[in-house]
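Residue-level structure breakdown
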Amino acid sequence: MLLFLKSISFRSVNPQNQVSDHDQDLKNNSCRELATITSTSTSCISLTVWRKSLIFSCKGFTVIGSDGSLVYRVDNYSGGRNQITLMDGSGKPILTVCRHKKLRLVDNNWFIYEGEVGDDNYHSSSSKSSSSRKKPIFCVKKQMKILHSNINVLAHVYYQGMSEKRYSYIIEGSYANRSCKVLDAESRNVVAEIRKKKAVTDGVTFGLEVFVLVVMPGFDSGFAMGMVLLLDQMFS
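- As named in an unreviewed UniProt entry, the protein chain is Protein LURP-one-related 17-like isoform X2, taken from Nicotiana tabacum.
- Listed under Sequence similarities (unreviewed entry) in UniProt, the entry text for the protein chain is "Belongs to the LOR family."

Here you go:
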């Protein structure tokens, strides 16, 4: 299945498969850097997301670059867990998504940390000193439809914490239909988008388990994939 996804992902970017050696070298170099991409990117990135772990009997995600390389992965993922770690292709932790256990039934807030964190980092009842805990780089609040007039809004993303007066990003659309956009709250520009995967071969269908994540220039692809993990936790 992974080889099939690699083949489809590459052909979708190069339908005619006519690329000069120089252009191909530049493309390969660019794709190898996807796992550590920064805000200096000057072109859109299109990633194929497979909602399945490559490890047998585990749930998770496998993310393939346009050249067929493994860019991100999530292993041992379960919808009932409070912590999900996004790794690059080599297994290095990129970020961790957490939800506080104590407020599970009444709270709709998720927290994004840089790298990997331990369970005691986000347990409210932990005896660990608050000053020694990692601080979240972003907090995400799921939108309660009954309290909001715009039913298209799925969540708001706050920089560092809910204490911020205004959110930084808005997530709109429908994750169930694999049609979502992450927008900059101030400019309303789309910075990342989830789309259904279109088959380039007759008779091939992907359903909802394989889709495309498009990341706009200047936006971090790892953070965009973090938004995918959050949406999957919220709406799956």
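**Points about the overall build of the protein chain**
- Regarding its fold elements, the protein chain presents 3 helices and 12 strands.
- Residues classed as buried in the protein chain amount to 45% of the 236 residues present.
- A separation threshold of at least 6 residues defines the contact pool for the protein chain, and within that pool the share at least 24 residues apart is 40%.
- Accessible area of the protein chain: about 12500 Å², with a carbon and sulfur share of 50%.

**Focus: empty space enclosed by the protein**
- For the structure shown, the criterion picks out 1 cavity of 30 Å³ or more.
- Roughly 40 Å³ of volume is contained in the largest cavity.
- Around the largest cavity sit C180, V182, A192, E193, I194, L213, A224, M227, V228 and L231, which together line it.
- Those elements that place two or more of their residues in the lining of the largest cavity are β10 (179-184), β11 (190-196) and α3 (221-235).

**A closer look at the pairing of strand β3 (residues 70-74)**
- In this structure, strand β2 (residues 61-64) lies alongside β3, joined through 4 bridges in antiparallel fashion. By the bridge assignment, V63 is partnered in β3 with Y72.
- What sits between β2 and β3 in their antiparallel hairpin is a turn of 5 residues, with G68 showing a positive phi close to 90°.

**A look at the side chain of N108**
- Positionally, N108 belongs in the loop between β5 (93-98) and β6 (109-114).
- With a relative accessible area of 17%, N108 lands in the buried category.

**As for the environment of V210**
- Mapped onto the elements of the fold, V210 is located in strand β12 (residues 210-215).
- Classification of V210 as buried rests on a relative accessible area of 2%.
- Measuring from C-alpha to C-alpha, the distance between V210 and K198 comes to 9.6 Å, with 12 residues separating the pair along the chain.

**Focus: the nonpolar core**
- Of all hydrophobic cores here, the largest spans 40 residues; its most connected members are F61, I112, V140, L213, M225 and M227.
- With 9 residues, the single largest contributor to this core is α3.
- Apart from the residues within four sequence positions on either side, L213 is in contact with I45, S46, L47, V49, E193, I194, A224, M225 and V228.
- Residues C98, F111, Y113 and C139 belong to the second largest nonpolar core, which totals 5 residues.

**Some words on the packing of aromatic side chains**
- In the structure shown here, the tally under the stated rule is 8 aromatic pairs.
- Both rings, one in Y175 and one in F211, keep their centres 6.3 Å apart while their planes meet at 85°; by these two values the pair is edge-to-face. Note that Y175 is positioned in the loop between β9 (169-174) and β10 and F211 in strand β12, a separation of 36 residues in sequence. Residues Y175 and F211 agree in their burial class; the two are buried.
- Connected via pairs of aromatic rings, a cluster forms that spans F138, Y159, Y169, F219 and F223.
- Its guanidinium or amino end placed over the ring of Y167, R166 lies 5.1 Å from that ring's centre, counting from NZ or CZ.
- For the cation-ring pair, R178 lies above Y175, with the distance from its terminal atom to the ring centre recorded as 4.2 Å.

Reading guide: rules and limits
- For every chain, the first residue of the written sequence is number 1, and numbering continues from 1 along that sequence.
- Since the coordinates come from a predicted model, pLDDT governs what is reported: local features require at least 70, and pairs of side-chain atoms require 80 or more to be given and counted, while whole-chain, interface and lining totals use all residues.
- In computing side-chain properties, one takes all heavy atoms of the structure into account and sets aside hydrogens as well as water.
- UniProt positions are given in the numbering used here, feature names are shortened, and annotations may be inferred rather than shown by experiment.
- A run of H or I in DSSP becomes a helix once it reaches four residues, and a run of E becomes a strand once it reaches two; helices and strands are each numbered from the N terminus.
- Under the scheme applied here, a residue whose accessible area is under 20% of the maximum for its type counts as buried, over 50% as exposed, and between as partly exposed, the area being computed with a 1.4 Å probe on protein chains only.
- Here, two residues are considered to be in contact whenever any of their heavy atoms come within 4.5 Å of each other.
- Only the protein chains shown count as cover for residues, with accessible areas throughout obtained via the Shrake-Rupley method and a probe of 1.4 Å.
- Space inside and on the surface of the protein is sampled on a 1 Å grid over the protein atoms alone, with a cavity defined as a set of points where a 1.4 Å probe fits but cannot get out and a pocket as an open set with protein on both sides within 12 Å along at least 5 of 7 lines; lining residues have an atom within 4 Å of a point.
- Grid points are joined across faces, edges and corners, and a volume is the space filled by probe spheres set on the points.
- In this analysis, strands are considered paired if DSSP registers two or more bridges between them.
- Each nonpolar core is a collection of buried residues, namely Ala, Val, Leu, Ile, Met, Phe, Trp, Tyr and Cys, held together in the definition by side-chain atoms within 4.5 Å.
- Under the pairing criterion, centres of Phe, Tyr and Trp rings, with the six-membered ring standing for Trp, must be within 6.5 Å; the plane angle then separates stacked pairs below 30 degrees from edge-to-face pairs above 60, leaving the rest tilted.
- Throughout this description, the term charge over a ring refers to an Arg CZ or Lys NZ atom that lies within 6 Å of the ring centre and within 35 degrees of the ring normal.

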